[in-house]
Amino acid sequence: MATAGTLSHIYFFVNKDITTSTEERKEEHIQSPESHSHSLSRSASPASAGSSDNDSGSGSSSSSASKDSSLNPLAADFAPTFTAPPTAAKLYEVREIAGKGLGLFATSPIPRGTCIISEKPLLRISENALHLAWGPYCRLSNADKKAFDALHFYSPPHLHLEDASRMQLIDPTDSTMDTEDVDELVADQIRVMGTFACNNFQCGTGLAVFATTSRLNHSCVPNVHHSFNPTIGQQTVYAVRDIAEGEELCTTYLGGQGVYYVRAQRIEILRGSYGFTCLCAACGDVGGGSDGRREVMGGIAYGLQCFQYGGPAGVEVPYVPRNPAEALKQAEDLVCMLVGEGVLSIELCKAYRMASMVALNLREYERAWEYACHEADVERTCLGSELQDLVRSGAGATCWIEKVRVALVKAGRAPPVTKRGGKTERQKAAKREKKMRMRVEKIAEKEAQMKSEREVAKEAKAAEKRAKVEAQREEERKRREYDAQFPGLKG
């Protein structure tokens, strides 16, 4: 049936003590990107799920391809320093988008880290089986049914909703219903299951549809992050960057590993599951720069996991660092590439965690502490501050910061303590921004150089082909002249 998503608050392995042996770390289960089946963080929104293949599923203001190599205009200045933003009850409005349905738009400027939406489920099921949505739907109030029915309906062919209705919900022994009544009931059940399928989010161990959040459209370069917060029992949506007034709020339907998929992979999934073709900045990058970055980022992320926890036996994996120093450089490069691509969500948290872990193993204490603090800033930006579930599981950024602090104390190093907003912190923030800017510029220069080399090679190949064609034409011209001068010798 519908594919369950993975954007719950639990997004890290529970970290072992930093003294855990290499052999124990290698026992962690890591799946290869090639073998890991894709999982969707939610199903399609009403404004995008039913769009034709000629329409974009993203109404984001970044729907046109960026001329800059960086899809995030703030990439050069990005340094995660969390400050509590205002949380307003209504920072958005629902608008109609020509040819695409409805979407959510900012009614005023929204600072990064603002909680835009926090709401309870409209309809929730306990497991990933769509026919289970029928019973809860029938028990909804008239007002809630109206809200549910207003969401978009789409029936992916691979779900076989009619079969699910007739096999799971219809009693074949019920003699009180004639064929026409059964067909009408089946049609209604298909509508409910299809609506649930293209509007659901991961909600703890089950799935749920939400009256407002389910209207978020998709972008591969999202400006908001959604997740279900089990601590407060609500779905939350936070701004991952500053959002301008009038800009559409867009999340991603492809969480986790899906962030690293190239355009062809994303289009196949989005078309098959939601029925639309995305035309966001990443998908509209016809030059292939975004695809190249995401492919490299995916390789680096998986290579770092294999380095830290162990990879598949007997399989050669590219991008696996040869030593801890190289691993730290790759982790830092991954952070810069994620920021440059505009991916400012949980994958960025993971990259900061990896950089901090490797730096700590290298006894680079200041860098380990710095990256741990960056992770915490991004975590609060995406998930808010009510994170008791992460703390209980030991997976939260604050838990890792505490481990780094303990390691620093054991090494005789005092963790940096500065007053937020003080001169020392401003200086460090400026230094981080400068360092990040230099790394992003370096990556951009390297990409430009590679692009130039590809163009030169392409032009050389084209010139060689033109020369070959010209030589053939010249040979043919001389042959015709010879045949004209000596017709008797022709052939």
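Since the structure is predicted, the reported quantities are computational estimates derived from the model, not experimental observations.

### Points about the overall build of the protein chain
Then, in step 1: For the protein chain, the count of helices and strands is 13 helices and ten strands.
Then, in step 2: Every one of the 491 residues in the protein chain was classed for burial, and the buried ones make up 47%.
Then, in step 3: Partitioning the contacts of the protein chain with sequence separation of at least 6, the portion at a separation of at least 24 is 77%.
Then, in step 4: For the protein chain, the exposed area adds up to about 24400 Å²; of that, 52% sits on carbon and sulfur atoms.

### So, the packing of helix 7 (residues 289-309) against helix 8 (residues 324-341)
Then, in step 1: Contact geometry for helix 7 and helix 8: axes closest at 10 Å, N-to-C directions at 145°. In the crossing of helix 7 with helix 8, the sense of the turn from one axis to the other is left-handed. Residues Ser290, Arg293, Arg294, Val296, Met297, Ile300, Ala301, Leu304 and Phe307 of helix 7 form the contact with helix 8, whose own contacting residues are Pro324, Ala327, Gln330, Ala331, Leu334, Met337, Leu338 and Glu341.

### Observations concerning the sheet that holds strand 6 (residues 206-209)
Then, in step 1: Strand order in the open sheet formed by three strands is 4-6-5, with antiparallel pairing between adjacent strands. What marks the edges here is a single partner per strand, and that holds for strand 4 (123-125) and strand 5 (200-203). Across the sheet, the mean angle from the axis of one strand to that of its neighbour is 30°, orientation sign disregarded.
Then, in step 2: Bridging between strand 4 and strand 6 involves three bridges; their strand directions are antiparallel. Within strand 6, the residue paired with leucine 123 across the bridge is valine 209.
Then, in step 3: Along the sheet, helix 5 (residues 179-197) makes contact with strand 4, strand 5 and strand 6, crossing strand 6 at roughly 100°.

### Here's the deal with the state of the cysteines
Linking two cysteines covalently through their sulfur atoms gives a disulfide.
Then, in step 1: Tallied over the entire structure, the rule returns zero disulfides.
Then, in step 2: Note on cysteine 349: no disulfide assigned, nearest cysteine sulfur contributed by cysteine 382 at a separation of 5.5 Å.

### So, the confidence of the model for the protein chain
Atom-level detail of predicted coordinates should not be read off regions where pLDDT is low.
Then, in step 1: Per-residue confidence for the protein chain averages 79 on the pLDDT scale, and 75% of its residues sit at or above 70.
Then, in step 2: Across the protein chain, the element-wise mean pLDDT spans from 36 in helix 1 (residues 22-25) up to 96 in strand 9 (residues 234-239).
Then, in step 3: This stretch, residues 1-70, has a pLDDT under 50; its non-local contacts, to residues over four places away or in other chains, come to 230 contacts.

### Some words on the pattern of salt bridges
Then, in step 1: Taken as a whole and judged by the stated rule, the model has 20 salt bridges.
Then, in step 2: For aspartate 183, the salt bridge identified is with arginine 166, shortest N-O distance 3.0 Å. Remark: arginine 166 occurs in helix 4 (residues 161-169) and aspartate 183 occurs in helix 5; sequence separation between them is 17 residues.
Then, in step 3: Given a relative accessible area of 36%, arginine 166 falls into the partly exposed group.
Then, in step 4: Between glutamate 247 and arginine 241 there is a salt bridge whose closest N-O contact spans 2.5 Å.
Then, in step 5: By relative accessible area, arginine 241 is classed as buried at 15%.
Then, in step 6: It is possible to trace a salt-bridge network through shared partners that takes in Asp149, Asp188 and Arg191.

### Looking at helix 4
Since one α-helical turn is 3.6 residues long, residues separated by three or four positions face the same way.
Then, in step 1: Leu161, Ala164 and Ser165 are the residues of helix 4 that are buried. For helix 4, the buried positions fall inside an angular range of 100° around the axis, keeping them on one side.
Then, in step 2: In this fold, the buried residues of helix 4 make contact with helix 5.

### A word on the packing of aromatic side chains
Then, in step 1: Scanning the model with the defined rule gives seven aromatic pairs in all.
Then, in step 2: The interplanar angle of 55° and the centroid separation of 5.4 Å between the aromatic rings of tyrosine 137 and phenylalanine 148 together place this pair among those described as tilted. With a gap of eleven residues between them, tyrosine 137 in helix 2 (residues 134-138) and phenylalanine 148 in helix 3 (residues 142-149) connect regions that are remote in the sequence. In this pair, the class of tyrosine 137 matches that of phenylalanine 148, namely buried.

### Regarding the sheet that holds strand 3 (residues 115-119)
Then, in step 1: The strand order across the open sheet formed by three strands is 3-9-8, and the pairing between neighbours is antiparallel. The open sheet has two free edges, formed respectively by strand 3 and strand 8 (224-229), since each of these has just one partner strand. Between one strand axis and the next, the sheet turns by 15° as a mean value, whatever way the strands run.
Then, in step 2: Alignment of strand 3 against strand 9, held across four bridges, turns out to be antiparallel. Its bridge partner lying in strand 9, glutamate 119 is registered against glutamine 235.

### Side note on the side chain of glutamine 234
Then, in step 1: Tracing the backbone shows glutamine 234 in strand 9.
Then, in step 2: In terms of polar contacts, glutamine 234 uses its side chain to reach the backbone amide nitrogen of glutamate 119, at 3.5 Å.
Then, in step 3: When sequence neighbours within four positions are dropped, the list of residues in contact with glutamine 234 reads Ser118, Glu119, Lys120, Ser227, Phe228 and Asn229.

### Notes on the environment of serine 290
Then, in step 1: Of note, serine 290 is situated in helix 7.
Then, in step 2: Take serine 290: its relative accessible area is 0%, and that puts it in the buried class.
Then, in step 3: Linking serine 290 and arginine 263, residues 27 residues apart in sequence, is a C-alpha distance of 8.4 Å.

### Here we look at the packing of helix 10 (residues 365-383) against helix 12 (residues 397-410)
Packed helix pairs are specified by the crossing angle of their axes together with the interaxial distance, meaning the distance between the axes.
Then, in step 1: At a minimum axis separation of 9 Å, helix 10 and helix 12 run at an interaxial angle of 165°. Between helix 10 and helix 12, the angle falls in the class roughly antiparallel. Note on packing geometry: the crossing formed by helix 10 with helix 12 is left-handed. Along its contact with helix 10, which presents Tyr365, Ala368, Trp369, Ala372, Cys373, Glu375, Ala376 and Glu379, the element helix 12 presents Ala397, Trp400, Ile401, Val404, Arg405, Ala407 and Leu408.
Then, in step 2: Its residues placed into classes, the contact of helix 10 with helix 12 shows twelve nonpolar, no polar and three charged.

Cut-off values and rules
Residues numbered from 1 in each chain as written. Predicted model: local features only at pLDDT ≥ 70, side-chain atom pairs only at ≥ 80, totals over all residues. Heavy atoms only, no water. Helix = DSSP H or I, 4+ residues; strand = E, 2+ residues; numbered from the N terminus. Buried < 20%, exposed > 50% of the residue type's maximum accessible area, 1.4 Å probe, protein only. Contact = heavy atoms within 4.5 Å. Areas by Shrake-Rupley, 256 points an atom, 1.4 Å probe, with all protein chains shown as cover. Axes fitted to C-alpha atoms, helices over the stretch in contact; angles between N-to-C directions. Left-handed = near helix turned anticlockwise from the far one by under 90°. Pairing = 2+ DSSP bridges. Disulfide = S-S within 2.5 Å. pLDDT = per-residue confidence, 0-100. Salt bridge = Lys/Arg side-chain N within 4 Å of Asp/Glu carboxyl O. Arc of directions from axis to C-beta. Phe/Tyr/Trp six-rings, centres within 6.5 Å; stacked < 30°, edge-to-face > 60°. Polar contact = N/O pair within 3.5 Å; in protein donor to acceptor, adjacent residues only side chain to side chain. Parallel < 35°, antiparallel > 145°, perpendicular 65-115°, else oblique. Nonpolar A, V, L, I, M, F, W, Y, C, P; charged D, E, K, R; others polar.

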